[in-house]
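Structural description and commentary
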Amino acid sequence: MPHFVVDCSEEVLNIHGEEEIIEQVHIVANSSGLFDENDIKVRVNPFKKYTVGNKREPFIHVFSSIMQGRTTEQKASLSRLVVSKLVAMFPDVVNIAMNVSEFEKATYCNRKML
């Protein structure tokens, strides 16, 4: 916990590769002070086939899933930090966004909890 899943059009990887995106999202998430660095998980899913607004335009969307307990302001700040970093990395990609979803503590389970 937390998970940052970066969906993107395949061509953005010609600008910065998957490893660099993973590294930079990890750095920003860690710098937020909201998470233990060793718990941050980042993945990239590039897409060959997609549409954005019925057009083929490059995109990046980060789906973040975190454990409940952060304020709305903290979650909004996290989104702004990540999107700001991605805009700096990909200044010509106009479709960059992020959303934050929460895991409910009462229903979350992982292997260590068994």
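The text that follows walks through the structure, step by step, so that each part is easy to find.

About the criteria used
Residues numbered from 1 in each chain as written. Predicted model: local features only at pLDDT ≥ 70, side-chain atom pairs only at ≥ 80, totals over all residues. Heavy atoms only, no water. Salt bridge = Lys/Arg side-chain N within 4 Å of Asp/Glu carboxyl O. Buried < 20%, exposed > 50% of the residue type's maximum accessible area, 1.4 Å probe, protein only. Helix = DSSP H or I, 4+ residues; strand = E, 2+ residues; numbered from the N terminus. Pairing = 2+ DSSP bridges. Axes fitted to C-alpha atoms, helices over the stretch in contact; angles between N-to-C directions. Contact = heavy atoms within 4.5 Å.

1. Details of the pattern of salt bridges
What the rule picks out here adds up to two salt bridges. Across the pair E57 and K55 runs a salt bridge whose closest N-O atoms are separated by 3.5 Å. Looking at K55, the relative accessible area reads 47%, which means it is partly exposed. We note a salt bridge from E102 to K75, for which the minimum N-O separation is 3.2 Å. In this pair, E102 sits in strand β4 (residues 95–103) while K75 sits in helix α2 (residues 72–89), placing the two residues 27 residues apart along the sequence. For E102, a relative accessible area of 39% translates into the label partly exposed.

2. Focus: the sheet that holds strand β3 (residues 59–67)
Taken together, the four strands give an open sheet; going across it, the order is β2-β1-β3-β4, and neighbouring strands pair in mixed fashion. Bordering the open sheet on either side are β2 (41–47) and β4, each of which pairs with just one other strand. In this sheet, adjacent strand axes meet at a mean angle of 15° when their direction is disregarded. Bridge count between strand β1 (residues 3–9) and β2: seven bridges; the pairing is parallel. Across the sheet, the residue bridging to F4 is V42, located in β2. Helix-sheet contacts for α2 involve β1, β3 and β4, and the interaxial angle to β4 is about 150°.

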